[in-house]
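The residues making up each chain are set out below.
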Amino acid sequence: MTPPRRSSIGVLPLLLAAACSSDPATPSIDGAAGDANAGGAGKSSTGAETCPAGTNPHSPPNPLPIGVVSGELVDEQGEPTTAGLVQICGLDVCNNANVGTNGKFVENVGVTIDTPACKFGDGFTWAKLALPIAEGDTALGTLVTVRLPEYEGAPSLTPGKTASSGGVSLELAPSAHVQVNSLDYETEGERGFRAVALPEAALTQLEMDFEVAFALSPLETRICPSPSLSLENLTELDPGTELELYVLGLDASEELVPYATWSKVGEGRVSEDGASLLFPEGVPVLTAIGVRVKP
Amino acid sequence: MSRSRRIPALAALGLLACGSNAPEVPQELLEGSSGCHAPDYPDSGFGAELDDVVDNACFVGYRAPDRVTSDAAHRETVAFSDYYDPAGTKGVSLLLVNTAAIWCSACVAEHGSLPEHARALAPQGLVILSTLFQDGQRNAATLDDLERWIDNFQPNFPMVADPDLQLAAYASPASAPLNMLVDPRSMKILRKYVGDQSAVMWPYIESELARRSAAH
């Protein structure tokens, strides 16, 4: 994978800050019904307030003829898994691949797809990730995915509270508006906050030189203003080290970040005690996140 | 009318006129409804290719989800035959059959803009009929899934569930969305687009609507 290709990356933090800058008058959590015009993935809910629509400019069309896409999916122990879903999806069409119990898939797509990517992991039991794919045939090799924590015990995303899971803490403002992805996550029990660190092998496949990366759930959930983010310093970075925060676009609506690429959304630093990686600007949407040392 | 008296009447309606606008079709009728009997519907030439006639698929959902609460009390049967308009008396000039699944991010993105297209082109006779066929984990779509979808996107066009993959006859359900244009005069397939091919589909629809309006 190449580094983020959009020239607008530098302004993304500003755009995202602007998109989530207005504090709703009262805190709220949505997730039962909807508002089609709300931000995020178009997956939202009722309520007097919604997060403002994202301001990410949509990617220019990039239609590519796709042939056979193959790979082998393994879990964090290297064992084959179906991981729920493997999809060859673009901005215009989505194809489900058939994954064998041996984790292998060979999908003869045979169509042109706009901004094609292989998405793997279902976002429910497994972390969902995406890798861009090129035109023609693509052999992805071994894809490593990782289990998310169980639903049971997952903390709720509550305004004024901190939700922690798997080395990730989100501190929600008292006035925060939580716009849960109620389309994918059907029940309250599925809407708790869950996070998991990606193992080294999973980081390598992303080719982004991340120090650490995490998968967050429920995917495509919006919180505004963005909750400040604290990550466990798993790689023992030195206190004060300056950092960059990236998020993965999994949403074809591209309201917040470009699809199937990693986009920088903020900066932070290692805490003075070296225990945490702190990103006060926060994360605008729950998806996969990665951290680089600032060059 | 009491509920006990209303049910037999609605049952008769359900049997005789699939797709009636009866607002409170009892659940037992909906679940058992397989015969969206339409005696005037074309009876030959069926197929899945261009110029073939589409079979009279019949679903449960909402004919006008923007005008009713999407709940069990307002579910109704919706069939292709509802939009069969051989003489042009129903005002249907073109039928766009769309498929969607919750797992399909392209479908989610597409449904962000469909209401706007429906609003703009309904006066010229475009009817969009969208079918939700699977949830986020590829399970058959339930009516609860359908209602969450409606709550999220607020479609202003008929939206139904297709848990039995009736539209798999026209394109593999492994790929979504499908957009299929049907001529309501004959119920013949005019175009099929696998994927959201907005750049070519909407210009075609607009030109076809204009052509039909001029011919009329």
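Everything below is about the structure printed above this text.
As the structure is a prediction and not an experimental result, all values here were calculated from the model.

S.K.: Just give me the short version of the overall build of chain A, but keep the residues and values in it.
M.R.: Helix and strand counts for chain A stand at two helices and 19 strands. Looking at the 295 residues of chain A, the share that counts as buried comes to 60%. Residue pairs in contact within chain A that sit at least 24 positions apart in sequence constitute 71% of those at least 6 positions apart.

S.K.: Run through the overall build of chain B, naming residues and quoting values.
M.R.: Each helix and strand in chain B was counted, giving six helices and eight strands. Listing every helix and strand of chain B by position from the N terminus yields α-α-β-β-β-α-α-β-α-β-β-β-β-α. Sorting the 216 residues of chain B into buried and exposed places 53% on the buried side. If you take every contact in chain B between residues at least 6 apart in sequence, the share linking residues at least 24 apart comes to 65%. Within the structure as shown, chain B displays about 9,100 Å² of accessible surface, and the carbon and sulfur contribution to it stands at 52%.

S.K.: Tell me about the sheet that holds strand 18 (residues 276-279) of chain A, and name the residues and values.
M.R.: Residues and elements named next belong to chain A. One open sheet accounts for nine strands, arranged 9-10-15-18-17-16-19-13-12; its pairing is antiparallel. Of all strands in the sheet, those with a lone pairing partner are strand 9 (162-165) and strand 12 (194-197), marking the two edges. Averaged over all pairs of adjacent strands, the angle between strand axes in this sheet comes to 25°, irrespective of strand direction. Both strand 12 and strand 13 (residues 212-217) contribute to a ladder of four bridges, which runs antiparallel. Looking across to strand 13, one finds that Arg-194 is bridged to Ser-217.

S.K.: Outline the interface of chain B and chain A, supporting the account with residue identities and numerical values.
M.R.: The partner chain A presents 32 residues to the 25 residues of chain B that form the contact. Buried surface at the junction of chain B and chain A, summed over both partners, amounts to about 2,200 Å²; 47% is from carbon and sulfur atoms. Area buried by chain B at its contact with chain A is led by Arg138(B), Arg148(B) and Asn152(B), which between them contribute 27% of it. Here chain B is connected to chain A by one salt bridge. A salt bridge links Glu186(A) to Arg148(B), with the nearest nitrogen and oxygen atoms 3.7 Å apart. Broken down by element, the residue count for the side of chain B that touches chain A peaks at six residues, all from helix 5 (residues 143-153) of chain B.

S.K.: Report on the pairing of strand 1 (residues 58-62) of chain B, specifying residues and quantitative values.
M.R.: If a strand is regular, its side chains alternate between the two faces of the sheet. Residues and elements named next belong to chain B. Counting buried residues along strand 1, five of its five residues qualify, which places the element largely inside the surrounding structure. By the alternation rule, side chains of strand 1 split into Cys-58, Val-60 and Tyr-62 and Phe-59 and Gly-61, which are all buried. Here strand 1 runs beside strand 5 (residues 159-161); their pairing, made up of three bridges, is antiparallel. For Tyr-62, the partnering residue across the bridge sits in strand 5 and is Met-159.

S.K.: Pulling in residues and values, what's your account of the packing of aromatic side chains?
M.R.: All chains considered together, the criterion is met by seven aromatic pairs over all chains. Among the aromatic residues, those joined into a cluster by ring pairs are Phe210(A), Tyr246(A) and Trp262(A).

Cut-offs used in this document
Sequence order sets the numbering: in each chain, residues are counted from 1 along the sequence as written. The naming scheme follows written order: chains are lettered A onward, ligands numbered 1 onward. Totals for whole chains, interfaces and linings use every residue, but because this is a predicted model, local features are given only for residues with pLDDT of at least 70 and side-chain atom pairs only at 80 or more, for both listing and counting. Hydrogens are left out, water is left out, and the side-chain values use all remaining heavy atoms of the structure. Numbering of helices and strands starts at the N terminus; helices are DSSP runs of H or I of at least 4 residues and strands are runs of E of at least 2. Buried means the residue's accessible area, taken with a 1.4 Å probe over protein chains only, is under 20% of the maximum for its type, while exposed means over 50%, and partly exposed covers the values in between. Residue contacts are defined here by distance: any two heavy atoms, one from each residue, within 4.5 Å place the two residues in contact. Per-residue and other accessible areas were derived by the Shrake-Rupley procedure at a 1.4 Å probe size, with only the shown protein chains allowed to occlude residues. Any two strands with at least two DSSP bridges between them are considered paired. Structural elements are reduced to axes, namely lines fitted to C-alpha atoms, with helices fitted over the stretch in contact, and the angle between N-to-C directions of any two is expressed from 0 to 180 degrees. By convention, the term buried area covers the 1.4 Å-probe accessible surface removed from two parts as they join, with the contributions of both added. The term salt bridge refers to a side-chain nitrogen of Lys or Arg lying within 4 Å of a carboxyl oxygen of Asp or Glu. When the centres of two rings from Phe, Tyr and Trp lie within 6.5 Å, Trp using its six-membered ring, the rings pair. Their planes under 30 degrees apart give stacked, over 60 give edge-to-face, and anything left gives tilted.

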